Amino acid sequence: MGEAKARGPYAKTPARRAEIVRAARDSFAEKGYAKASLRDIAERAGITHAGLLHHFRNKDELLAEVLAQRDTEEWAQGVTQVDTLDRLAPYLVALIRHHQKAPELMRLWIELAAAASRPDHPAHTYFVERYERGRGQFADGLSDEASRARLRKDVTPESAALLFHAVLNGLQLQWVLDQDLDILGPVTDFVRLLFDDASSDD
């Protein structure tokens, strides 16, 4: 591999951490979490094994960061691309198609979310805050009069936000179990159930 880039105190720079996370995402997607090694990830990132451990204590912590980064990227994409309710279903279809290209990451996310249901799990707080933030952002997106008017009668924005996450996560879990299952159509159907005249073009 040649001489590793990292030396001395291994300064915890955001750029270096980002390199490690990208390398870990590639390794997890290609090899699976169980077979991916910290040494392989370090080599991909161009640093020593010791250098990687200075940034992340273990593979579990690195996995949590990989999934958190993916969440951050997808929130940003959603805010940019879904400027009207008509864009919601097409965006979700495209997002799930993207997830389906890396089923191992989908599986790892589901496994970590389940494990984090234990209050003493290191990722517990992250997942609690993630869902709170997601529900809040979705409900806030329905706060204007035009969007609120299209929501089905007697369904509150808060209820819609809770159902949205439950359906999206539940469909992806079913697909991980049976990858022949079509979950794209049901995603569009769900949006139609929540909103009047929501477009399904994709």
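Peer 1: Before we go on, may I ask you to explain the packing of helix α6 (residues 103–115) against helix α7 (residues 124–140) in this structure?
Peer 2: Geometry of a packed helix pair, given as the angle between the helix axes and the separation of the axes. Running from N to C, α6 and α7 cross one another at 105°; their axes reach a closest spacing of 9 Å. Regarding the angle of α6 to α7, the classification is roughly perpendicular. Taking contact as the criterion, the partners of Trp 109, Leu 112 and Ala 113 in α6 are, on α7, Phe 127, Arg 130 and Tyr 131. Taken together, the residues of the contact of α6 with α7 break down into five nonpolar, no polar and one charged.

Peer 1: It is not clear to me how the pattern of salt bridges should be interpreted in this structure. Could you clarify?
Peer 2: Between side chains of opposite charge, a pair can form as their charged atoms come close. Taken as a whole and judged by the stated rule, the model has 10 salt bridges. For Arg 118, the salt bridge is made with Asp 120, and the minimal N-O distance between the two is 3.8 Å. The class of Arg 118 is partly exposed, set by a relative accessible area of 45%. Connected through salt bridges with shared partners, the residues Glu 30, Asp 40 and Arg 44 form a single ionic network.

Peer 1: Is there a simple way to think about the nonpolar core in this case?
Peer 2: Taken as a class, soluble globular proteins show a tendency for nonpolar side chains to be buried jointly. Counting 28 residues, the largest nonpolar core has Leu 88, Leu 92, Phe 138, Leu 142, Ala 160, Phe 164 and Phe 195 as the members making the most contacts within it. Sorting the residues of this core by element identifies α5 (88–100), α7, α9 (157–177) and α10 (184–194) as the ones contributing at least two each. In this structure Leu 92 touches Phe 164, Leu 168, Val 187 and Val 191, once residues within four positions along its chain are discounted. Phe 56, Leu 67, Leu 108 and Ala 123 belong to the second-largest nonpolar core, a separate cluster that totals 27 residues.

Peer 1: Got a minute to help me understand the confidence of the model for the protein in this structure?
Peer 2: Reading predicted coordinates in detail is not appropriate for stretches of low pLDDT. Residues at a pLDDT of 70 or more form 91% of the protein, whose mean pLDDT is 85. Throughout residues 1–11 the model reports pLDDT below 50, and contacts reaching past four residues in sequence, or to other chains, amount to 18 contacts.

Peer 1: Is there a simple way to explain the side chain of Arg 25 in this structure?
Peer 2: With respect to the helices and strands, Arg 25 occurs in helix α1 (residues 14–31). Side-chain polar atoms of Arg 25 contact the side chain of Glu 73, separated by 3.3 Å. In this structure Arg 25 touches Val 66, Gln 69, Arg 70, Glu 73 and Leu 105, once residues within four positions along its chain are discounted.

Peer 1: Got a minute to help me understand the environment of Tyr 33 in this structure?
Peer 2: Considering the arrangement of structural elements, one finds Tyr 33 in the loop between α1 and α2 (38–45). Once residues lying within four places of it in the same chain are set aside, the contact partners of Tyr 33 are Phe 28, Lys 59, Asp 60, Leu 63, Glu 104 and Leu 108.

Peer 1: Looking at this model, I keep getting lost on the packing of α1 against α2. Mind explaining?
Peer 2: In contact at an axis separation of 8 Å, α1 and α2 are set at 125° when each is read in the N-to-C sense. Taken together, α1 and α2 sit at an angle that is classed as oblique. For the pair α1 and α2, the sense of crossing is right-handed. Residues Glu 19, Ile 20, Ala 23, Ala 24, Asp 26, Ser 27, Phe 28, Glu 30 and Lys 31 of α1 form the contact with α2, whose participating residues are Asp 40, Ile 41, Arg 44 and Ala 45.

Peer 1: When you look at α5 in this model, what are you seeing that I'm missing?
Peer 2: Each α-helix winds once per 3.6 residues, and so residues spaced three or four apart point in a common direction. The end-to-end C-alpha separation of α5 is 18 Å, in line with the 18 Å expected for 13 residues at 1.5 Å each. On the buried face of α5, the contacting elements are α4 (59–81), α6, α7, α9 and α10.

Peer 1: Hey, could you run me through the environment of Leu 92 in this one?
Peer 2: Within the secondary structure layout, Leu 92 lies in helix α5. Separated by 55 residues in sequence, Leu 92 and Ser 147 have C-alpha atoms that sit 18 Å apart.

Thresholds applied
- Residues numbered from 1 in each chain as written.
- Predicted model: local features only at pLDDT ≥ 70, side-chain atom pairs only at ≥ 80, totals over all residues.
- Heavy atoms only, no water.
- Axes fitted to C-alpha atoms, helices over the stretch in contact; angles between N-to-C directions.
- Helix = DSSP H or I, 4+ residues; strand = E, 2+ residues; numbered from the N terminus.
- Parallel < 35°, antiparallel > 145°, perpendicular 65-115°, else oblique.
- Contact = heavy atoms within 4.5 Å.
- Nonpolar A, V, L, I, M, F, W, Y, C, P; charged D, E, K, R; others polar.
- Salt bridge = Lys/Arg side-chain N within 4 Å of Asp/Glu carboxyl O.
- Buried < 20%, exposed > 50% of the residue type's maximum accessible area, 1.4 Å probe, protein only.
- Core = buried A, V, L, I, M, F, W, Y, C linked by side-chain atoms within 4.5 Å.
- pLDDT = per-residue confidence, 0-100.
- Polar contact = N/O pair within 3.5 Å; in protein donor to acceptor, adjacent residues only side chain to side chain.
- Left-handed = near helix turned anticlockwise from the far one by under 90°.
- Expected span 1.5 Å × (residues − 1).

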